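These are the residues of each chain, in order.
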Amino acid sequence: MSNSTSTVGTAQETSSKVCAVPAPAALPQIPDPQHVAPADARRLSKLLLLRLESLEEGTQEYQYVRNTLIEMNLTLVRYVARRFSSRRESMEDVLQVGTIGLIKAIDRYDPSRDVEFTTLAVPYIQGEIKRFFRDTTWSVRVPRRLQELRIDLARAREELEAQGSHEPSVAELAEHLGIPEEEVAEGLVACNGYDSDSIDRPIQAGGGGRQQTGLVADLVGTEDPALALAEDVQALKPHLAKLNDRDRTLLQLRFGAEMTQSEIGEELGLSQMHVSRLLTRVCAKLREGLLA
């Protein structure tokens, strides 16, 4: 009898302990998470983030809480994305990249640290968007250091132009930013890699900018074939000065007046063979001097 009473008492005690454990609160049903008021979104996000911490990843309940948090906080993504509305990139792409930052913030949020979720989420969203611009919008790949320097240079130019009316020089930009002039010059050159344009783009001018005046390719310089010739002429000058009068006359008649060897022979009273030998000797002498 005593054993039976003891068994019943133990069962009742165990039952009371089980009943003492609080049952998990029911998840709030949010029919339209994207249209929740900001104040309600902050309150509900705090509850859902606490609940997400206790759920097992991969379960249906976990997915519901996580997806609801994402949809309910998309207003944060739109808020951060508006800061980049002046960029040429599609706002839809910016929102998608910002949403990736929001998801990372949700997955890495720690409720025990007692920090507002927005305090963590906004830097994550902004960081993903900036990384997107850094990695995809430059026409030419440049180091990250120069990409960030471009932003500093643009800000410094605006500040200096607000103080005066002239375009700030490299020295003024370097002094304003507190960096060497060589680094500023390197940054300015790197800025040219941000935008690119087709050389087949028409140049427009005139009334309303509608009159086509040519193509960008027309303004692109090409290698001058006479440039190497000009260098050779300058290099030949000291060697030509060492020649005697007859040799210089031969060269002038052959390459300046473009006379044939027979015509030169008649002009100087020499045979064509003699003129040929003299020209060969003079050219060999000049070639030897240039190669030396």
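Data block above holds the structure.
Every chain is numbered independently, its residues counted from 1 as its sequence is written. Thresholds applied to this predicted model are a pLDDT of at least 70 for local features of residues and 80 or more for the giving and counting of side-chain atom pairs; totals over whole chains, interfaces and linings are not thresholded and use all residues. To get the side-chain values, all heavy atoms of the structure are used, and hydrogens and water are removed first.

### Quick word on the pattern of salt bridges
And then number 1: For this analysis, a salt bridge means a side-chain nitrogen from Lys or Arg found within 4 Å of a carboxyl oxygen belonging to Asp or Glu. Tallying each qualifying case throughout the model produces 10 salt bridges.
And then number 2: Between R131 and E128 there is a salt bridge; the shortest N-O distance is 2.8 Å. Taken as a pair, R131 and E128 lie in helix α6 (residues 117-136) at a separation of three residues, close to a single helical turn.
And then number 3: Exposure remark for R131: the relative accessible area of 36% places this residue in the partly exposed category.
And then number 4: The salt bridge involving R281 is made with D247; its shortest N-O contact spans 3.4 Å. Separated by 34 residues along the polypeptide, R281 in helix α13 (residues 272-291) and D247 in helix α11 (residues 245-256) bring together distant segments of the chain.
And then number 5: In this scheme, a residue with accessible area under 20% of its type's maximum is buried, one over 50% is exposed, and one in between is partly exposed, where area comes from a 1.4 Å probe on protein chains only. Taking relative accessible area as the criterion, D247 reaches 2% and is therefore assigned buried. Secondary structure elements are defined from DSSP: runs of H or I of at least 4 residues count as helices, runs of E of at least 2 residues count as strands, and each element is numbered from the N terminus.

### A few points about the packing of helix α3 (residues 60-72) against helix α5 (residues 91-108)
And then number 1: Axis angles are defined between N-to-C directions and span 0 to 180 degrees, where every axis is a line fitted to C-alpha atoms and, for a helix, only to the segment in contact. Orientation of α3 relative to α5, taken along the N-to-C sense of each, is 130°, at an axis distance of 10 Å. As the angle between them shows, α3 and α5 are arranged oblique. The handedness of the crossing between α3 and α5 is right-handed. Here Y62, R66, L69 and I70 of α3 come into contact with α5, specifically with T99, L102, I103, I106 and D107.
And then number 2: Side-chain classes follow a simple rule in which Ala, Val, Leu, Ile, Met, Phe, Trp, Tyr, Cys and Pro form the nonpolar group, Asp, Glu, Lys and Arg form the charged group, and the remainder, Gly included, forms the polar group. Here the contact of α3 with α5 is composed, by residue class, of six nonpolar, one polar and two charged. Orientation labels follow simple angle bins: below 35 degrees gives roughly parallel, above 145 gives roughly antiparallel, 65 to 115 gives roughly perpendicular, and whatever is left gives oblique. Note on convention: the crossing is left-handed when the near helix lies turned anticlockwise from the far helix by less than a right angle, right-handed when the turn is clockwise. Residue contacts are defined here by distance: any two heavy atoms, one from each residue, within 4.5 Å place the two residues in contact.

### Focus: the packing of aromatic side chains
And then number 1: Think of it this way: a Phe, Tyr or Trp ring, Trp meaning its six-membered ring, pairs with another when their centres are within 6.5 Å, and the plane angle makes it stacked under 30 degrees, edge-to-face over 60, tilted otherwise. A full pass over the atoms with the stated rule returns one aromatic pair.
And then number 2: Arranged with centres 5.7 Å apart and planes meeting at 85°, the rings of Y109 and F117 form a pair that is edge-to-face. Comparing Y109 with F117 shows no difference in burial state: the two are buried.
And then number 3: The ring centre of F255 lies 5.7 Å from the NZ or CZ of R254, which sits over that ring. Geometrically, a lysine NZ or arginine CZ counts as sitting over a ring once it is within 6 Å of the ring centre and also within 35 degrees of the ring normal.

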